[in-house]
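Inside the fold
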Amino acid sequence: MKPKIVESPSVRLIDLKSKAYFIVASVEVGNTTTKCILTATNLEDGKTRLVTKTVSMTRDVRPPKADEEVFGRTLTGVELTRQSVGELVRDTLVGAVKKANLDIKEDIHFVVRSTGVVAGFDTPDEVGEFIKALADGCLMAGVPPNRMTPPMALSNIPEKFRKHSKLEQVVFDGAVASVTPPTGATGVEIVANEMEGELATAGIKEGAKWVDVDFRNPCISIDFGTTLDGRIISPDLPYAKTIGNFCGYAGAIPDAIIQGTSLVDSKKGTALDVSDNVSLGRLAHKLKEKAIKGYAERINEYIIIEKVPSGRKRYGSVPVNSEAADEIGVVLIGCDVGHNGTDMEKLSEIGAEVYEKHDLKVLFAVIDEVMARVVQRLVKVAQEEGLVFEDTAIGVTGRAGITGDKPKLILKYLQELGINNKIEENVIFVDDGLARGAAVMARCMNSLGTTFNPLGGHRGGKCILGQRMKLQNRK
């Protein structure tokens, strides 16, 4: 079985300037990295290409000044203020636009901002303050305010895109790629990183276009950044519902394993710091397979994957509202290590042991095995909760799910669950899911759909523009 791995081609500057390319900047402050990724969607074919990307380590953010209020921390305890986050965003965004030889006011048509730094917050509401800090940074970089909000009329959309916009037929009503977000009966977020889950889902849908997989509804998206996010989507039409959310730890697991070695900082080190070309050859893997699986099983004993128990306010360090989830029938599936990370040190100890007795290559093989099992266990809980349908597609994005041998192993372990008989036709692995999702969200807000190559609707079905118009009572 060969995994379907999506990587998009780049695009030339001359084409960006001359053709109908809708250019979107995705600004994302994560627990580990802060990225600005510029994507360009060709509205003639509906495919998104990568323009450029700048990545910096979030831990390098400047420390708080005396008169600034710390409003949150990354998973490793790096303190953040509204001002310091704003400056970090400004510098990252300006750097990316400069690198692409573009002009922020002339060439960037929309900016979408998101954050994965929610583990350091006490309630999902506090994320709002963070989103404001991201907006501050975009404004400081020179982004016009109307490039961050949906246009109210066709005349607010740049002239060259007006013929591609369906704004006069349908307006943006909160559904991104035909999925409505889960809001509790009281309107509160049920999981703090829901927006990341939304973007990752939309981004995987877009990425699937490059490998000819119809990744529409129903589907499952799993985003393995430092923290875990993602969604389980129903088959409803015209809009599907979010019937499940993932939360907890993801890339923090390999980070903890690596922190046991002397190769990285024992508190702030990440697997990214040492992960260049460290895969084990096929023969070496065969010889050490028994040891690798043994270590992975030991690690997996500390990893808890379950439906989030009622009454939890935080799961795997991510603020959740399990009561609101129960009330609206959304299943929260969490991944924890002990109780909110209390057993992370145990993972570091096993990491130290593997590195001492073997080497870094074996350690990364262990990590691949661990994370592939995590995917299998997450999907298994969804299956047990009745959230997996016969035609459910599964998409994985994020550093801890698509690197090394993980895609191959994930396919193997998902096949064991017997979801459908052609697992490799229904599972995809996508780089930069969040940035692709930002491009999709920007298109949804501007009603820039491609009816001949739809992102919304049911797998195998037709475009849902007509049904949406009916829903919004538009003639």
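Look above for the structure.
Below: a short report on this structure.

What follows concerns helix 12 (residues 406-416). Considered for burial, the residues of helix 12 that qualify are Lys406, Pro407, Leu409, Ile410, Leu411, Tyr413 and Leu414. Phi turns positive one or two residues past the end of helix 12, at glycine 418, with a value near 60°.

We now examine the pairing of strand 10 (residues 227-233). Where burial is concerned, most of strand 10 is hidden: seven out of the seven residues are buried. Residues of strand 10 alternate between two faces, with Thr227, Asp229, Arg231 and Ile233 on one and Leu228, Gly230 and Ile232 on the opposite face, all of them buried. Judged from the six bridges that link them, strand 9 (residues 219-224) and strand 10 form a sheet pairing that is antiparallel. Its bridge partner being in strand 10, cysteine 219 is matched across the sheet by isoleucine 233. Linkage of strand 9 to strand 10, two consecutive antiparallel strands, is achieved through a turn of two residues. Two elements, strand 10 and strand 11 (residues 240-249), share five bridges in a ladder whose sense is antiparallel. Bridge pairing in strand 11 links leucine 228 to glycine 248.

A few words now on the environment of phenylalanine 215. Along the polypeptide, phenylalanine 215 turns up in the loop between helix 5 (194-207) and strand 9. C-alpha of phenylalanine 215 to C-alpha of lysine 346: the two residues are 131 residues apart in sequence and 38 Å apart in space. Contacts of phenylalanine 215, omitting those with residues within four sequence positions, involve Ile204, Lys205, Ala208, Ile220, Ala393, Ile394, Gly395 and Ile428.

Time to look at the sheet that holds strand 3 (residues 33-42). The four strands lie next to each other as 4-3-2-7, forming an open sheet whose pairing is mixed. Across the chains shown, the open sheet's two edge strands, defined by having one partner strand only, are strand 4 (47-57) and strand 7 (110-115). Each strand axis lies, on average, 15° off the axis of its neighbour in the sheet, ignoring direction. By the bridge criterion, ten bridges tie strand 3 to strand 4 in an arrangement that is antiparallel. Following the sheet pairing, asparagine 42 is matched in strand 4 by lysine 47. Across the face of the sheet, helix 2 (residues 82-99) comes into contact with strand 2 (21-29), strand 3 and strand 4 while running at roughly 130° to strand 4. Sheet strands touched by helix 14 (residues 433-445): strand 2, strand 3, strand 4 and strand 7. Its angle to strand 2, the strand with the most contacts, is close to 125°.

We now examine the packing of aromatic side chains. Per the counting criterion, the structure on display carries two aromatic pairs. With centroids separated by 5.3 Å and ring planes inclined at 90°, the aromatic side chains of phenylalanine 22 and phenylalanine 161 adopt a geometry described as edge-to-face. A residue pair is termed long-range when its members are at least 10 positions apart, and phenylalanine 22 in strand 2 and phenylalanine 161 in the loop between helix 4 (127-140) and strand 8 (179-180) qualify at 139 residues. The pair phenylalanine 22 / phenylalanine 161 is uniform in exposure class, with both members buried.

Once that is clear, we can look at unusual backbone geometry. Keep in mind that most residues, glycine aside, have a negative phi and that most peptide bonds are trans. Here asparagine 217 and proline 218 are connected by a cis peptide whose omega angle stands at 0°. Following the sequence through the fold, proline 218 ends up in the loop between helix 5 and strand 9. Here the bond from leucine 237 into proline 238 is cis, since omega is -10°, no more than 30 degrees from zero. Among the secondary structure elements, proline 238 is positioned in the loop between strand 10 and strand 11. Positioned with a positive phi, aspartate 212 is a non-glycine residue whose angle comes to about 55°. Within the secondary structure layout, aspartate 212 lies in the loop between helix 5 and strand 9. Since its relative accessible area comes to 74%, aspartate 212 is described here as exposed.

This part takes up the side chain of threonine 201. Mapped onto the fold, threonine 201 is located in helix 5. Using a relative accessible area of 2% as the deciding quantity, one classes threonine 201 as buried. Of note is the side chain of threonine 201, whose polar atom sits 2.7 Å from the side chain of serine 221. With residues up to four places along the chain from it excluded, the contact list for threonine 201 reads Cys219, Ser221, Arg231 and Ile233.

Let us look at the packing of helix 9 (residues 344-357) against helix 10 (residues 360-384). Packing of helix 9 against helix 10 leaves a shortest axis separation of 7 Å and a crossing angle of 140°. Taken as axis vectors, helix 9 and helix 10 run oblique relative to one another. Relative to helix 10, helix 9 is oriented so that their crossing is right-handed. The segment helix 9 lies against helix 10, with Gly351, Val354 and Tyr355 engaging Leu360, Val362, Leu363 and Val366. Class assignment of the residues belonging to the contact of helix 9 with helix 10 gives a composition of six nonpolar, one polar and no charged.

If you check helix 10, its first and last C-alpha atoms are 36 Å apart, about what 25 residues at 1.5 Å a residue would give, namely 36 Å. Burial runs high along helix 10: 19 of the 25 residues are buried. Measuring from the side-chain oxygen of the N-cap residue of helix 10 to the backbone nitrogen of lysine 361 gives 3.2 Å; that N-cap residue is aspartate 359.

By secondary structure assignment, the location of phenylalanine 110 is in strand 7. On the basis of relative accessibility, which here comes to 1%, the residue phenylalanine 110 falls in the buried class. Sequence spacing of phenylalanine 110 and arginine 443 is 333 residues, and the spatial spacing of their C-alpha atoms is 8.9 Å.

What follows covers the nonpolar core. Phe224 and Ile253 are the most contacted members of the largest nonpolar core, which totals 63 residues. In terms of residue count, the dominant contributor to this core is helix 10 (16 residues). If we skip the residues at most four places from it in the chain, phenylalanine 224 touches Ala250, Gly251, Met371, Val374, Val375, Leu378, Val396, Thr397, Gly398, Arg399, Ala400 and Gly401.

Moving on to the pairing of strand 11. Burial within strand 11 is extensive, with nine of its ten residues counted as buried. Here strand 10 folds back onto strand 11, and the loop between the two strands holds six residues. With five bridges connecting them, strand 11 and strand 15 (residues 331-337) associate as parallel partners. Of the residues in strand 15, the one forming a bridge with glycine 248 is cysteine 335.

How each quantity is defined
- Residues numbered from 1 in each chain as written.
- Predicted model: local features only at pLDDT ≥ 70, side-chain atom pairs only at ≥ 80, totals over all residues.
- Heavy atoms only, no water.
- Buried < 20%, exposed > 50% of the residue type's maximum accessible area, 1.4 Å probe, protein only.
- Helix = DSSP H or I, 4+ residues; strand = E, 2+ residues; numbered from the N terminus.
- Pairing = 2+ DSSP bridges.
- Contact = heavy atoms within 4.5 Å.
- Axes fitted to C-alpha atoms, helices over the stretch in contact; angles between N-to-C directions.
- Phe/Tyr/Trp six-rings, centres within 6.5 Å; stacked < 30°, edge-to-face > 60°.
- Polar contact = N/O pair within 3.5 Å; in protein donor to acceptor, adjacent residues only side chain to side chain.
- Parallel < 35°, antiparallel > 145°, perpendicular 65-115°, else oblique.
- Left-handed = near helix turned anticlockwise from the far one by under 90°.
- Nonpolar A, V, L, I, M, F, W, Y, C, P; charged D, E, K, R; others polar.
- Expected span 1.5 Å × (residues − 1).
- Core = buried A, V, L, I, M, F, W, Y, C linked by side-chain atoms within 4.5 Å.

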